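One letter stands for each residue in the lines below.
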Amino acid sequence: MTAVEIRPGLHLYKTALDRAAQETLRENIREILREAPLFQPVMPRTGKAFSVRMSNCGPLGWVSDRAGYRYQPEHPVTAKPWPPIPETLLRLWRDLAGYPHDPDACLINYYDPAAKMGAHQDVDEQDFDAPILSVSLGCACRFRFGGETRGGSTQSLVLESGDVLIFGGPARKMFHGVDRILAKTSTLLDPPGRINLTLRRAR
Ligand code: MD6
Ligand code: FE
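Residues numbered from 1 in each chain as written. Chains lettered and ligands numbered in written order. Predicted model: local features only at pLDDT ≥ 70, side-chain atom pairs only at ≥ 80, totals over all residues. Heavy atoms only, no water.

Caption draft 1: Molecular detail of the overall build of the protein. The number of helices and strands found in the protein is two helices and 13 strands. Relative to the compact-globule value of 17 Å for 203 residues, the protein shows a C-alpha radius of gyration of 16 Å, a close match. Seen through its C-alpha atoms, the protein measures out along the principal axes to roughly 40 × 40 × 35 Å. Buried residues in the protein amount to 51% of all 203 residues. Carbon and sulfur atoms form 51% of the exposed surface of the protein, whose accessible area is close to 9,700 Å². Mean positive and mean negative side-chain charge positions of the protein (26 and 23 charges, respectively) differ by 7 Å. (Helix = DSSP H or I, 4+ residues; strand = E, 2+ residues; numbered from the N terminus. Rg over C-alpha atoms; globule rule 2.2 N^0.38 Å. Buried < 20%, exposed > 50% of the residue type's maximum accessible area, 1.4 Å probe, protein only. Areas by Shrake-Rupley, 256 points an atom, 1.4 Å probe, with all protein chains shown as cover. Lys, Arg positive; Asp, Glu negative; His and termini not counted. Charge placed at Lys NZ, Arg CZ, Asp CG, Glu CD.)

See below:
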C-alpha cells in the first residue's frame, strides 16, 4: 500500500480498505455495537455532551465523563467488558503501524451528519512511541490538524471511507479535530453518517 507523508510522522493511506473490506468492517462494527452500544460522552467538569457518540473494542476503552478522561476495561453503561478488536483491524495495524505490539484499545466514534469533534490531543496513553492508527468509514469529513500547541496555524484534509491515517513520531501529539461531515459522500452507512476507528496502545 502506498502512503503519502503529509508531514513528518503523519501518513495517509488513501482507500487502504476497498469497498468489500469496508463492508466487512461495517458488519464487524455493527456486531460490536450490539454488545457495546454507543454511549454519550460528556466533558470533564462541565458535563457538556459531545456531539459524537462512542463505544470501544479491545481490552481497554477510552471514556469521558465528569470525572475526567481515562481508559477502562468495561463499558460505562452496561459495565460489561468491551468486545474484542476484529481480526481485520489487527491485520491492518500489523501491516501499517510499524510497532511490535498489538493495540490494546480501539475507540469507535460515531458521527451523525451534524456532529463534529473539537481540537484535541490524544495524550491519555502511557506510551507515545506507539502510533495511533485511524480508519474512516461512511461519509467523508473535513479533518483539521495543527501543531503541538493549541491555536497555531492549521491545515486540513478530506478523509473518505476506507482511508487510513497514522499519527506517529513527531506527529503523535498534534492537535486535531473534525470540522464537519460532508453530507451525501458515501452510501456505506444507512442512515448516513461517519464512523472513525482509532487503534491505540493505552498501556
Ligand atoms: C476522527 N480522529 O477522525 C477523529 N485521533 O473522527 C481522531 O481524533 C484521531 O484520526 C488520533 C489519531 C488519529 C485520529
Ligand atoms: Fe484524536
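Caption draft 2: Focus on the site of ligand 1. Close to ligand 1 lie Tyr111, His120, Asp122, Ile132, Ser134, Phe143, Phe167, His176, Val178, Arg194, Asn196 and Thr198. Interatomic distance of 2.4 Å between a side-chain N/O atom of Tyr111 and an oxygen atom of ligand 1. When the free accessible area of ligand 1 is taken as 340 Å², the share hidden by the protein chains comes to 99%. At the level of elements, strand S8 (132-138), strand S12 (176-182) and strand S13 (194-200) are the ones that each hand at least two residues to the shell around ligand 1. With three residues, S13 is the largest single contributor of residues to the shell around ligand 1. (Near = heavy atom within 4 Å. Polar contact = N/O pair within 3.5 Å; in protein donor to acceptor, adjacent residues only side chain to side chain.)

Caption draft 3: Spotlight on the coordination of the iron ion (ligand 2). Only His120 (NE2), Asp122 (OD) and His176 (NE2) from the protein coordinate the iron ion (ligand 2), and they sit 2.1 to 2.2 Å from it. Given the relative accessible area of 22%, His120 is considered partly exposed. The exposure class assigned to His176 is buried, which follows from its relative accessible area of 8%. (Donors = N, O, S within 2.8 Å, 3.2 Å for Na, K, Ca; no water.)

Caption draft 4: Structural view of helix H2 (residues 87-96). Residues Leu89, Leu90, Leu92, Trp93 and Leu96 constitute the buried set of H2. In an axial view of H2, the angular spread of the buried residues amounts to 160 degrees, which keeps them on one side of the axis. In this structure, the buried side of H2 is in contact with strand S2 (10-13), helix H1 (19-35), strand S6 (105-111), S8, strand S11 (164-167) and S13. Backbone geometry just after H2 places Gly98 at a positive phi near 65 degrees. (Arc of directions from axis to C-beta. Contact = heavy atoms within 4.5 Å.)

Caption draft 5: Layout of the pattern of salt bridges. Taken as a whole, this structure holds 12 salt bridges when the rule is applied. The salt bridge involving Glu160 is made with Lys14; its shortest N-O contact spans 2.7 Å. Of this pair, Glu160 sits in the loop between strand S10 (155-159) and S11 while Lys14 sits in the loop between S2 and H1, placing them 146 residues apart in sequence. In this structure Lys14 comes out as partly exposed when scored by relative accessible area, which is 35%. A salt bridge links Glu23 to Arg19; its shortest N-O distance comes to 2.9 Å. Remark: Arg19 and Glu23 occur in helix H1; sequence separation between them is four residues, near one turn of the helix. For Arg19, a relative accessible area of 37% puts it in the partly exposed group. The network of salt bridges with common partners includes Asp122, Glu125, Arg172 and Arg200. (Salt bridge = Lys/Arg side-chain N within 4 Å of Asp/Glu carboxyl O.)

Caption draft 6: Molecular detail of the side chain of Ser55. With respect to the element layout, Ser55 can be found in strand S3 (residues 53-57). Residue classification places Ser55 among the buried positions, given a relative accessible area of 0%. Here Ala36 takes part through its backbone oxygen, which lies 2.7 Å from a polar atom of the side chain of Ser55. Those residues in contact with Ser55, other than ones at most four positions away along the chain, are Leu33, Ala36, Pro37, Leu38, Phe39, His75, Trp82, Cys106, Leu107 and Ile108.

Caption draft 7: Just the environment of Val164, in detail. Structurally, Val164 can be placed in strand S11. A relative accessible area of 0% places Val164 in the buried class. Between the alpha carbons of Val164 and Leu17 there is a distance of 8.1 Å; along the sequence they are 147 residues apart. Setting aside anything within four residues of it in sequence, one finds Val164 in contact with His11, Leu12, Tyr13, Ala16, Leu92, Leu96, Leu133, Ser134 and Val135.

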